[in-house]
Amino acid sequence: MISKQLIDPKSIVVVGGSDDIHKPGGTVLRNLQDGNFKGSLYVVNPKMDEVQGIKAYRDVKDLPEVDCAILAIAAKFCPSTVEVLAKQKNTKAFIILSAGFHEENEEGAKLERQIVETINSVGGSLIGPNCIGVLTNHYSGVFTSPIPELNPQGVDLISGSGATALFIMDSGMQKGIKFNSMYSVGNSAQLGVEEILEYMDESFDPKTSSRVKLLYVESIEKPEKLLKHASSLIRKGCRIAAVKSGGSAAGSRAASSHTGALASSDVAVEALFRKAGIVRCNGRDELMTVAGIFMHPEMKGRNMAVVTHAGGPAVMLTDALSNGGMDVPHIEGEKAQELLGKLFAGSSVGNPIDFLATGTAEQLGYILDACDRDFDNIDGMAVIFGSPGLFPVFDVYNVLDEKMKTSKKPIFPIFPSSKIVKDEIAEFVSKGRVYFPDEVLFGNALCKIYKTPAPQPEHFEMPDMDVKKIREVVDNAQNGYLSPDEIHALLDTAGVARAKEGVSDNEEEIVKMAKEIGFPLVMKVVGPIHKSDVGGVVLNVSDEETVRREFKRMMQIKDTYAIMLAQQLSGTQVFIGAKRDDKFGHMVLCGLGGIFIEVLKDVKAGLAPMSKDEAHGMIKELKSYKIIQGVRGQEPVNEDKFAEAVMRISALVKVAPEIFEMDLNPLLGNKDNVVAVDARIRIEK
């Protein structure tokens, strides 16, 4: 839990405070004083009577009661110090800057567990250990510098890495971004990113709380909590962006199915962020660019006017926007010609709107007014303005500032020449403005925001299915891959369409099945994992003689113990898979099927359960979506049936969490239906 004493303490003690401001204990004490902490400030230093002008106590036992303790002492002394403060001094908030805990060795982990146990026993809060501290509007409890300007309308930053938090703030400050709070959770021994976000959600006040949250996450330990509170905050009007590091393919393990190979922990993170509505960023620069966009009014469409006095950056921004799914629409007509008449000869207004290197502040004002009032096919304006440094351009930045106050459409300032006109930009930022130094970073970030879906509904209707029958099949099954009959029972009960088929190791039974199912048929071996690789798949079987001949041949293939017959269907091969993750629960994946899944690896994943709308969103995000829609005369896949099958599989794995991996590959989709042709389901209880 997060105590009031952590957020707004009336008294703080720095244990290990010193006069040396090059050490954490000295710097954090200086920052508390420079930050004008309004409460009582104490210091514990066993060798001094006064530190930085503040009375020092030789021992924590000599302190009066104190709300919050910031520890900058060796790890081995922390447990006993916390014990005294928590049990004798009524301290309910602890920030431990010190390292040397579970990140170092088992001995450190024992110290950490002891500290958490003590703090939990009094209902206290712990940030750290191994962190840079906490910044709120009430106090600057960090040992780093510089400290950003704190503002209730600034961003809230929660970081699993202290150094990264510092670098993020530094990057943001350069662009004019202000901060409301910063929590460096370090080892997250008690409170991690998820708990801080939970507090921000439960204490959210639409009148006073910041509406922008930034996360740097190295490990997601409680995905359900993160999903719940991130999506809740976004539904309340907040916007959240996050970096999740440590997601490379090097972390993936070998798997026995397509789904297992594709469904890495990073895919689960992607699915979680998508479900919550979090904009996922790949690094600090992108995170702060997204944050800068969040600090501007929200763009209501995808049509951007690119306003510039430099051709190259405008072309690069136009490319970034167009390639990312946004539009830079052509501007024409009477109003466009009227605007052109106000600009110097050689200017263009077709979009990009180029008013030349000699363009004036007044002309920029005409352009922004026209985009705001006259051009209905424009939703926002990106203004690229640099300078050759020949003369001051304060008037241009003043016009931008004034137009940003009155425009109904958002205006995004992009300043490539930040050093040449540093004084003008500094004045612009001093007015509370945020700018972007790179047009391509801005364009890519804006597209990423545009493509991030809204949070999925917290509650939605699940498909009807016979839960009792599903449980009966799973409860009676052994660990490992299910038999075809068990797979058929699960798919039928879940309402997933499948091809007519049968399995036997007896030639006469196979012939009888073939006549009942009807020709043409597909014959497949049962046993080998990759059937086609061993000659275990035969298509277009059209008579009894071929059935008998192929049965005899295929039963000789290594690891084969039976033969499957199935009606041969036509359509585009698609794929649905599911994989259980220890932390995230079940991921459900979809994409093109057959061999394409191995070659293209074009899949999208979601966390179960999923609504039909979420399944539709995943399908539309596939790079191969145009194939599913039908291209060059090819019959389309029934997208609604595909989405329904994805949704039903997501419901099935919630009813049967013992399903460890599932491959429906391929399903054959045409304009009428999507039917499972081959399926593998692995149970791990």
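My aim in this report is to walk through the structure given alongside it, one point at a time. (Residues numbered from 1 in each chain as written. Predicted model: local features only at pLDDT ≥ 70, side-chain atom pairs only at ≥ 80, totals over all residues. Heavy atoms only, no water.)

So, on to the nonpolar core. Within the largest apolar cluster, 57 residues are counted, with the highest numbers of intra-cluster contacts made by Ile95, Ile127, Tyr139, Ile158, Ile196 and Leu215. Looking at which element gives the most residues to this core, the answer is helix α9 (residues 265-276), with six residues. When neighbours within four sequence positions are excluded, Ile196 is seen to be in contact with Ile2, Ile127, Ile158, Tyr183, Val185 and Leu191. By size, the runner-up hydrophobic cluster in this structure holds 46 residues, among which are Val574, Ile619, Ala651 and Ala676. (Core = buried A, V, L, I, M, F, W, Y, C linked by side-chain atoms within 4.5 Å. Buried < 20%, exposed > 50% of the residue type's maximum accessible area, 1.4 Å probe, protein only. Helix = DSSP H or I, 4+ residues; strand = E, 2+ residues; numbered from the N terminus. Contact = heavy atoms within 4.5 Å.)

The final tally for this structure, using the stated rule, is nine aromatic pairs. For the pair Tyr42 and Tyr57, a centre-to-centre distance of 6.2 Å together with 75 degrees between the ring planes defines the contact as edge-to-face. Here Tyr42 is found in strand β2 (residues 40-44), whereas its partner Tyr57 is found in strand β4 (residues 54-57), with 15 residues between them in sequence. Per residue, the accessibility class of Tyr42 equals that of Tyr57, and both read buried. One aromatic cluster in this structure is built from Phe385, Tyr397, Phe415, Phe428 and Tyr435. It is Lys342 that lies over the ring of Tyr366; its NZ or CZ is 4.9 Å from the centre. The ring centre of Tyr481 lies 4.1 Å from the NZ or CZ of Arg680, which sits over that ring. (Phe/Tyr/Trp six-rings, centres within 6.5 Å; stacked < 30°, edge-to-face > 60°. Lys NZ or Arg CZ within 6 Å of the ring centre and 35° of its normal.)

Right, let's talk about the pairing of strand β27 (residues 659-669) for a bit. Of all eleven residues that make up β27, eleven are buried, and the element is covered over most of its length. Where strand β24 (residues 572-581) and β27 come together, seven bridges link them in antiparallel fashion. Across the sheet, Ala578 pairs through a bridge with Met662, a residue of β27. By the bridge criterion, five bridges tie β27 to strand β29 (residues 679-683) in an arrangement that is antiparallel. Paired with Glu661 across the two strands is Arg682, which belongs to β29. Of the strand pairs in this sheet, β27 and strand β28 (residues 674-676) are connected by three bridges, and their pairing is antiparallel. Note that in β28 the partner of Leu667 across the bridge is Ala676. Remark: four residues form the turn of the hairpin made by β27 and β28, two consecutive strands paired antiparallel. (Pairing = 2+ DSSP bridges.)

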